Amino acid sequence: MDFGKTNKFAPKPNLKIFLDGRIVPVAEASISVFDHGLLYGDGVFEGIRSYGGKVFRLDEHLKRLEESARAIRLTIPMSRPELVKAAYDTLKANGLTDGYIRLVVTRGVGYLGLSPNRTDCPSVFIIADQIELYPKELYDKGMAVISCSVQRNHPNALSPRIKSLNYLNNILAKIEALDAGVYEAIMFNTQGYVAECTGDNLFVVRNGAVETPPLNAGILEGVTRNAAIELVRKRGLPFRERELTRHDLYIADECFFTGTAAEIIPVTKIDGRPIGTGEPGPITKQLTVDFKKLVMD
Ligand code: PXG
């Protein structure tokens, strides 16, 4: 066992990381084994994209980060302007204009035991790199997915509104998808209604109207979801936030997912069933074009 010395998934050695106020080479960017973010998944994060040197909806991401932190009673040791500067500095240090920014706040190093009172020094780190969630050709062809048996966390257990470092719920769903030979899984809430995917929000189109589950279905309020809703409204298309069942998925004319990493991706097969014509639909294609324009604004 070489304990990762030949890890083919190791980060690029020239990456620069923002860690607790400094930009350091990735080899020096280490977090303690006593960090509660690692020991207990105690922390929050954001996944953000930059297009043409401009970070997309950074304020919305930072607002959500602050709300996630507030929900878990974690004080972020940096102000909003400091976080903005750190995000841009990290992009610059890596020579990136188009890229992915992962901003993480952990509860920090502390004694063993899950009480956050056993820590008093939260850590902030920022990675800026590339991300490709799904193979490129699926954006043209559409993606096959499954509806999965792993239910989305009940909001009274761990609210999906919190973007926390606890992603095992989603990872279990992702494993179910991969075992079924697809990249993504649609998760349902404990009432049996459609919630979201492992890292994306879901939309369907039926009879020209666009529909997506409401926030109280127990989902993350996606920044890309909000952007897609704006684009739908701008096109004057009928739009509803509505509780959706598996039946609604199967009879949809179109389906697409939205997320920072995924952007907008057409879904053309669910549980082996073709959605609509089995090809990416016209509204999905139009919104994809609109979204590409929006991010460059
Ligand atoms: N639902 C969940 C559970 C998510 O994790 C979204 C919806 C979409 O939200 P945004 O704000 O991105 O439109 C997410 C986002 C990663 C990664 O590292 C995950 C996300 C975003 C970016 C990167 O796998 N999840």
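Residues numbered from 1 in each chain as written. Predicted model: local features only at pLDDT ≥ 70, side-chain atom pairs only at ≥ 80, totals over all residues. Heavy atoms only, no water.

This part covers the overall build of the protein. Counting its secondary structure elements, the protein contains 8 helices and 15 strands. Over its C-alpha atoms the protein spans a radius of gyration of 20 Å, differing by no more than 12% from the 19 Å that the globule rule assigns to 297 residues. Each principal axis of the C-alpha atoms in the protein carries an extent, and together these give about 55 × 40 × 40 Å. By the burial criterion, 49% of the 297 residues in the protein qualify as buried. Within the protein, counting contacts between residues at least 6 apart in sequence, those at least 24 apart form 68% of the total. (Helix = DSSP H or I, 4+ residues; strand = E, 2+ residues; numbered from the N terminus. Rg over C-alpha atoms; globule rule 2.2 N^0.38 Å. Buried < 20%, exposed > 50% of the residue type's maximum accessible area, 1.4 Å probe, protein only. Contact = heavy atoms within 4.5 Å.)

Before going further, it helps to examine the site of the ligand. Close contacts around the ligand come from 20 residues, with Y167, E196, V223, T224 and T260 the closest. The separation between a nitrogen atom of the ligand and a polar side-chain atom of K163 is 3.0 Å. Calculation on the ligand without its partners gives an accessible area of 540 Å², and the protein chains cover 91% of this total. Elements with a minimum of two residues in the shell around the ligand: β5 (99-106) and α6 (223-234). Of the residues assigned to the shell around the ligand, the class counts are 5 nonpolar, 9 polar and 6 charged. Three or more residues apiece are contributed to the shell around the ligand by two domains, here domain 1 (16-129) and domain 2 (136-296). (Near = heavy atom within 4 Å. Polar contact = N/O pair within 3.5 Å; in protein donor to acceptor, adjacent residues only side chain to side chain. Areas by Shrake-Rupley, 256 points an atom, 1.4 Å probe, with all protein chains shown as cover. Nonpolar A, V, L, I, M, F, W, Y, C, P; charged D, E, K, R; others polar. Domains from an automatic or database assignment.)

So, about the domain arrangement of the protein. Domains assigned within the protein are domain 1 (16-129) and domain 2 (136-296). Distance from the C-alpha centre of domain 1 to the C-alpha centre of domain 2: 26 Å. Each partner contributes residues to the interface: domain 1 has 26 residues there, and domain 2 has 21 residues. Its largest share of buried area at the contact with domain 2, domain 1 owes to F45, Y51 and R64, together 32% of the area lost on that side. Applying the counting criterion to the domain 1 and domain 2 interface returns 2 salt bridges. A salt bridge links R57 to E230, with the shortest nitrogen-to-oxygen separation between them at 3.0 Å. In this structure, the connection of domain 1 to domain 2 is made through 10 residue pairs in polar contact (both at pLDDT 80 or more). Residue assignment for the side of domain 1 that touches domain 2 shows that the elements contributing at least two residues are α1 (36-40), β3 (43-51), α2 (58-71) and β5. (Buried area = accessible area lost by both parts, 1.4 Å probe. Salt bridge = Lys/Arg side-chain N within 4 Å of Asp/Glu carboxyl O.)

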